[in-house]
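Chains, contacts and geometry: an overview
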Amino acid sequence: MIIYKKITLILIICLIMTSLTGCIKKMADENLLKTVRERGKIIAGVKFDAKPFGFIDQDQKLKGFDVDLIREIAKRVLGDENAVEFQQVTSSNRIFSLISGNVDMVAATMTITSPRQKVIDFSRPYYVAGQAIMVAKDSSVKTLKDLSGRRVIIVLGSTSEINIKQMVPSVKILGFRTYTDAFEALKSGRGDVLTTDDTIIYGFLSENSKYKILKDRLTLEPYGLGFKKAEKTQSFQDAVDSALEQIMQDGTMAKIQRKWTADFIKK
Ligand code: GLU
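Residues numbered from 1 in each chain as written. Predicted model: local features only at pLDDT ≥ 70, side-chain atom pairs only at ≥ 80, totals over all residues. Heavy atoms only, no water.

Scanning the chain for helices and strands turns up 10 helices and 15 strands. For the chain, with 267 residues in total, the buried portion stands at 47%. In the chain, the share of contacts with a sequence separation of at least 24, taken over all contacts with a separation of at least 6, comes to 69%. For the chain, the accessible surface area stands at approximately 13700 Å², while carbon and sulfur atoms represent 57% of it. (Helix = DSSP H or I, 4+ residues; strand = E, 2+ residues; numbered from the N terminus. Buried < 20%, exposed > 50% of the residue type's maximum accessible area, 1.4 Å probe, protein only. Contact = heavy atoms within 4.5 Å. Areas by Shrake-Rupley, 256 points an atom, 1.4 Å probe, with all protein chains shown as cover.)

This is how it looks when you write it as C-alpha cells:
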C-alpha cells in the first residue's frame, strides 16, 4: 500500500515538473512577433554599400530597394513604416547576424540557395538578379572565357565567389568583405575584373563612367528575405511573409522596383 502511495506521489511530482519545464520553455520561446510588437520596431539587416538595394546616399541617408521593402513590411506588420532599426550586414556576416539574433530579418541582395536554406529560412523570391562581370571600358576581357588566369575580385560570402570558382577554376580570387573595398581594388588595379550581381554592378556604374558590365549573365540570383530558422521566430516570419504577399499583389513591389531599377538597372 505504502509503495503505491509512493509511486503516486512520484508520478504527481513528475507531472508538476513536466508542466513546469513546459512553462519555462514557453517563456524562453516567447514568440518573435510579440517581442517585435512590444519593442515597437523591426531590427533589419541591410547592406550599406550595395547601391541601389541598400546604400548611404550623398545626404548620408540610408536608401534603396531593400530599405523601401523593409519600410513597407514595417507599415503592414507594425502600422508604421518608420518602425525599423536598420543594421549594416555584409555578405559574410548576414547569416550569422540572423542566427545570433542580432537582427530579426535580413533584406540584403541575398540569393536563395539550397546550402543557405539548410541554415536559414527565406521568403519567396522578390527580385531576380543575375551574376555579371564588370571591367574597365578598355579591358581586353570580353567574355567569361577571357578570365582564365586573371585576378577576379569578389565579395566574401557571396554566391559570385562560389560560382566563378566553379566556372573558371584557374582564376585568381581576390576577396573583400565589403563592396566598397571590392570596387576600390578594381579602381586601384589590384584586380582585373569584379564579379557580382548585375544590380550591384549597375550601382557602381552609376558613379563611375570608366567601367562597363559585360553582356553575359552567368547565373540567376533570386533574392529572398532571410529569417532565423527557429520555432520562436516563425510567428514573425509568417507575418512578414503575408506582408510581402500583399506588397507583391497590390502593386507596391512594382512601384519599388520601378523606383530603384529604372535609374540604375538597364537590362
Ligand atoms: N546575391 C548574391 C549573394 O547573395 C551576391 C550579392 C551579395 O553579395 O549579396 O551572395
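Anyway, onward from the coordinates.
Before going further, it helps to spend a moment on the pattern of salt bridges. Oppositely charged side chains are able to pair whenever their charged atoms sit close together. Using the criterion set out here, one finds 16 salt bridges in the structure. The salt bridge involving Asp68 is made with Lys259; its shortest N-O contact spans 2.7 Å. Placement of Asp68 in helix α3 (residues 65–78) and of Lys259 in helix α10 (residues 252–261) is noted, with a sequence separation of 191 residues between them. For Asp192, the salt bridge identified is with Arg151, shortest N-O distance 2.9 Å. You can see Asp192 sitting in the loop between α7 (179–187) and β12 (193–197) and its partner Arg151 sitting in strand β10 (residues 151–155), a full 41 residues away along the chain. (Salt bridge = Lys/Arg side-chain N within 4 Å of Asp/Glu carboxyl O.)

Attention now goes to the packing of aromatic side chains. Any two aromatic rings considered together are summarised by their centre-to-centre distance and by the angle between their planes. Under the definition given, this model contains 11 aromatic pairs. Ring centres of Phe65 and Tyr127 lie 5.5 Å apart, and the angle between their planes is 70°; this geometry places the pair in the edge-to-face category. Of the two residues, Phe65 sits in helix α3 while Tyr127 sits in strand β8 (residues 127–129), which places them 62 residues apart along the sequence. A residue is classified by how much of its surface remains accessible, and Phe65, at 0% relative accessible area, is buried. (Phe/Tyr/Trp six-rings, centres within 6.5 Å; stacked < 30°, edge-to-face > 60°.)

Taken N-terminus to C-terminus, the directions of α3 and α10 make an angle of 155°; their axes are 9 Å apart at the nearest point. Considered as vectors, α3 and α10 are oriented roughly antiparallel to each other. Every pair of crossing elements has a handedness; the one defined by α3 and α10 is right-handed. Facing α3, whose interface residues are Phe65, Asp68, Leu69, Glu72 and Arg76, α10 presents Thr252, Met253, Ile256, Gln257, Lys259 and Trp260. Here the contact of α3 with α10 is built from residues that sort into five nonpolar, two polar and four charged. (Axes fitted to C-alpha atoms, helices over the stretch in contact; angles between N-to-C directions. Parallel < 35°, antiparallel > 145°, perpendicular 65-115°, else oblique. Left-handed = near helix turned anticlockwise from the far one by under 90°. Nonpolar A, V, L, I, M, F, W, Y, C, P; charged D, E, K, R; others polar.)

With mixed pairing, five strands are arranged side by side in an open sheet as β11-β10-β12-β9-β13. Unpaired on one side and paired on the other, β11 (172–176) and β13 (211–213) mark the two borders of the sheet. Put simply, the sheet's adjacent strands are angled 30° from each other on average, direction ignored. As judged from the five bridges shared by β10 and β11, these two strands associate in the parallel manner. Opposite Val152, over in β11, you have Ile173 as the bridge partner. Each of β9 (131–136), β12 and β13 touches helix α8 (residues 198–205); the most contacted strand, β12, lies at about 125° to it. (Pairing = 2+ DSSP bridges.)

Turning our eyes to something else, we now look at the site of the ligand. In the neighbourhood of the ligand, 16 residues make up the surrounding shell, with Lys47, Ser91, Thr109, Tyr179 and Asp197 lying closest. At 2.9 Å from an oxygen atom of the ligand is found a side-chain nitrogen or oxygen belonging to Arg116. For the ligand, the accessible surface in isolation is 280 Å², of which the surrounding protein chains cover 100%. Counting atoms within 2 Å of the grid points, the majority share of the ligand lands in the largest cavity. Along the lines of polarity and charge, the residues of the shell around the ligand split into five nonpolar, six polar and five charged. (Near = heavy atom within 4 Å. Polar contact = N/O pair within 3.5 Å; in protein donor to acceptor, adjacent residues only side chain to side chain. 1 Å grid on protein atoms, 1.4 Å probe; cavity = no way out; pocket = protein on both sides within 12 Å on 5 of 7 lines; lining within 4 Å. Sits in = over half its atoms within 2 Å of the grid points.)

A word on the sheet that holds strand β3 (residues 54–56). Strand order in the open sheet formed by three strands is β2-β3-β4, and the pairing between neighbours is antiparallel. If you trace the sheet from one side to the other, it starts and ends with β2 (49–50) and β4 (62–63), each paired once. With two bridges connecting them, β3 and β4 associate as antiparallel partners. Bridge assignment links Phe55 to a residue of β4, and that residue is Lys63.

Two numbers describe how α3 lies on helix α9 (residues 234–249): the axes approach to 9 Å, and their chain directions differ by 110°. On the basis of the axis angle, α3 is roughly perpendicular to α9. Pair α3 / α9 crosses with right-handed handedness. In this structure, α3 contributes Leu69, Glu72, Ile73, Arg76 and Val77 to the contact, and α9 contributes Ala239, Val240, Ala243, Leu244, Gln246 and Ile247. Per-class residue counts for the contact of α3 with α9 are eight nonpolar, one polar and two charged.

The next subject is empty space enclosed by the protein. Regions of empty space are outlined by a rolling probe, equal in size to a water molecule, passed over the atoms. Tallied over the entire structure, the rule returns two cavities of 30 Å³ or more. Each pocket or cavity is described by its volume, and for the largest cavity that value is around 70 Å³. As for the largest cavity, its lining consists of 13 residues, of which Arg94, Thr109, Ser158, Tyr179 and Asp197 are closest to the centre. Of all the secondary structure elements, the ones that give two or more residues to the lining of the largest cavity are α6 (159–167) and β12. Classifying every residue of the lining of the largest cavity by side-chain character gives two nonpolar, seven polar and four charged. Within this model, the second largest cavity holds a volume of roughly 30 Å³. If you go around the second largest cavity, the residues you meet are Lys47, Asp49, Gln88, Val89, Thr90, Ser91, Arg177, Thr178 and Tyr179. (Points joined across faces, edges and corners; volume = space filled by probe spheres on them.)

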